[in-house]
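# Close look at the chain arrangement
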Amino acid sequence: MNFSEGSAESKRKVPSKPLLLAVCAACIGGTFQYGYNISVINAPTQPVQNFINQTWRERYQTGISEDVLTLLWSTIVSMFTLGGFVGAMIGGTLSVKLGRKGTLLTNNIFALLAALLMGLSHSAGLFELLIIGRLLTGINAGIGLCVQPLYLAEIAPTAIRGAMGMGTSVFITGGILTGQVMGLKELLGREEHWPILLSTTCIPAFLQLLILPWFPESPRYLLIDKGDDEGCKKALKQLHGMAACDGEREDIEKEKNNLAGFQAKKPWELFTDRSLRWQLLTVVVLNIAQQLNGLNAIYFYAGYVFKQSGIPDDKIPYATVGTGACECITALTCGMLIECLGRKVLITGGYTLMGICCILFTLTLTFQEASPVFPYLSMVCVFAFILSFGLGPGGVTNILTTELFTQNARPAAYMIAGSVNWLSFFSIGMIFPFIVLGLKQYCFLVFLVVCCLVGAYICLVVPETKNKTFLEIQNEFLSSNKRKVGSCDGAGSTLLSTSI
């Protein structure tokens, strides 16, 4: 009896083939697009600026000023962030109206339109199409970042929810790496190929449209949101097989009974729900920290460090590909470790190691000219920082956003988390050049403070969520809230009487 129970338990910890394929189908047109469109824009910087200059000259018979050229290029790049914010704002609502799978499929319209506009921009002589195209890729990425983690969490069994949720991080880093590789001169990095390079965003969209329809909608969405009992059973059987589907259905039933009579929450309702205040604060803190932890600064200094280490200018793009590969490998490693070590250990350890790297990188940059060995130590710090980010904050943040909320609050939580993330992304892009200009290498001391504060917050506030159902996690927060209120009141009064 014990042997068979152990065997069933071990099977539950190994994803089925349909589940793995469903994860890949969701991610290829979801967060892969986010990573790909972040990195692919770097390679054609000079060719696109040449195109803008040429178009301007043909229209107005005069050369474009340096300031206007910089403004137009900055607009093309930053439109992605603005689109991401818009996508995050509508993603949660769409996931409730169209379903998780339906939203992911519909989202490909934005990617296909963007690819068409950016691909035609050169032949049409309209750089404005690049601006619109980047806005649409941003909307696509914003919706994908909001809805795809929802889908992954809701189709995965509790025992491997973290590992399956790491698909988000793995495909983001995979997208970044693919964008870097596609931008090499040997592929599409030559000046004449930039319209093709930017229009390749249609390939992941086509792949998702071909593959994802073969897989079911989220079983949780079908049963809890739509009341489709038969659809839920069919989806669970396809994703988990006959043996494991009963246990998963039981968990979904429990959550459904707990949420009976409650509609999906709107984002503003989360701010007024005192039972969710710590979960909401945690998600906001983690998403701000994900952009303000210094990773952007590391990439900013990477080129300088590689050059100081003796790498020729024409070989630096290949070294940059190495950083993308490093991030991708660590995301895969985190996926293998997350169910063993847990979320809290990985994310706290990641921020701690990043803090140490900030100190060491500041020292190695300060003494860069003191000895030939310091540029190489700086290069080690670059890769160590990326490894630390990938092993913790890079992968676990999205998973925690999923796990800290139940079905009726989760889409709204993702809308808030996504909005905060994209606003932080935009803010760091705006203020980062000034931070570097003012503090130079000492800017990493600012990021050191961020890493230390976030690490301490996670230690004190965030519970371990490994192998716990969504209801168990919610109840743990409710118990913690009651203890805190009791200690503040001195009366042990019960603050919360909720539906959860």
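Structural notes, computed from the coordinates. (Residues numbered from 1 in each chain as written. Predicted model: local features only at pLDDT ≥ 70, side-chain atom pairs only at ≥ 80, totals over all residues. Heavy atoms only, no water.)

### Some remarks on the packing of aromatic side chains
Selection criterion: Aromatic pairs are defined between Phe, Tyr and Trp rings, using the six-membered ring for Trp, whenever the two ring centres lie within 6.5 Å; interplanar angles under 30 degrees are classed as stacked, those over 60 as edge-to-face, and all others as tilted. Under the DSSP-based scheme used, a helix requires at least four consecutive residues in state H or I and a strand at least two consecutive residues in state E, with every element numbered from the N terminus. Accessible area is worked out with a 1.4 Å probe on protein chains only. A residue is then buried under 20% of its type maximum, exposed over 50%, and partly exposed in between.
Under the criterion given, the structure shown has eleven aromatic pairs. When the centroid spacing of 5.2 Å and the interplanar angle of 45° are considered together, the rings of Phe 51 and Trp 194 count as tilted. Linking Phe 51 in helix 4 (residues 45–60) with Trp 194 in helix 10 (residues 194–199), this pair joins segments that are 143 residues apart in sequence. Trp 194 shares its class with Phe 51; the two are buried. Relative to Phe 425, the ring of Trp 422 lies with its centre 5.8 Å away and its plane at 35°, an arrangement referred to as tilted. Placement of the pair is Trp 422 and Phe 425 together in helix 21 (residues 410–439), with a separation of three residues, close to one helical turn. Accessibility assignment for this pair places Trp 422 and Phe 425 in one class, buried. Here a set of aromatic residues connected by ring pairs shows up, and it is made of Tyr 34, Phe 80, Trp 422 and Phe 425.

### Focus: empty space enclosed by the protein
Counted only if it meets this: In this analysis, the protein atoms alone were mapped onto a 1 Å grid. Cavities are point sets where a 1.4 Å probe fits without being able to get out; pockets are open sets with protein on both sides within 12 Å along at least five of seven lines; lining residues have an atom within 4 Å of a point. Grid points are joined across faces, edges and corners, and a volume is the space filled by probe spheres set on the points. Nonpolar residues are Ala, Val, Leu, Ile, Met, Phe, Trp, Tyr, Cys and Pro. Charged residues are Asp, Glu, Lys and Arg, and all others, Gly as well, are polar.
Scanning the entire structure with this criterion turns up two cavities of 30 Å³ or more. In this structure, the largest cavity spans a volume of roughly 60 Å³. As for the largest cavity, its lining consists of Pro 149, Ala 153, Arg 161, Gly 165, Thr 168, Asn 398, Ile 399, Thr 402, Glu 403 and Tyr 414. Elements represented by at least two residues in the lining of the largest cavity include exactly helix 7 (128–155), helix 8 (161–165) and helix 20 (393–403). Here the lining of the largest cavity takes four residues from helix 20, the largest share from any one element. The residue inventory of the lining of the largest cavity, partitioned by class, reads four nonpolar, four polar and two charged. In this model, the second largest cavity occupies a volume close to 50 Å³. In this structure, the second largest cavity is lined by Ala 153, Glu 154, Ile 155, Ala 156, Pro 157, Arg 220, Leu 236, His 240, Glu 248, Ile 252 and Phe 470.

### Here we look at the pattern of salt bridges
Short version of the rule: Every case where a carboxyl oxygen of Asp or Glu lies within 4 Å of a side-chain nitrogen of Lys or Arg is listed as a salt bridge.
Applying the stated rule across the entire model yields 13 salt bridges. In this structure, the salt-bridge partner of Asp 229 is Lys 233, at a minimum N-O distance of 3.8 Å. Taken together, the residues span about one helical turn, with Asp 229 and Lys 233 both in helix 13 (residues 229–258) at a distance of four residues. We classify Asp 229 as partly exposed; its relative accessible area is 28%.

### Focus: the environment of Phe 85
Our working definition: Residue contacts are counted whenever heavy atoms from the two residues lie within 4.5 Å of one another.
Its place among the elements puts Phe 85 in helix 5 (residues 66–97). Accessibility expressed as a relative area gives 26% for Phe 85, which makes it partly exposed. With 337 residues separating them along the chain, Phe 85 and Trp 422 place their C-alpha atoms 5.4 Å apart. The residues touching Phe 85, leaving out its near neighbours within four places in the chain, are Ser 419, Trp 422 and Leu 423.

### With respect to the side chain of Glu 339
Where we set the bar: Pairs of N or O atoms are called polar contacts if they sit within 3.5 Å, as long as, within protein, a hydrogen donor faces a hydrogen acceptor (for residues adjacent in sequence, only side-chain-to-side-chain pairs).
Secondary-structure assignment places Glu 339 in helix 17 (residues 316–341). At 2.7 Å, the side chain of Glu 339 forms a polar contact with the backbone nitrogen of Gly 162. A distance of 3.1 Å separates a polar side-chain atom of Glu 339 from the backbone nitrogen of Ala 163. Residues in contact with Glu 339, not counting those within four places in the same chain, are Ala 159, Ile 160, Arg 161, Gly 162, Ala 163, Lys 466 and Asn 467.

In short, geometric facts, not functional conclusions.
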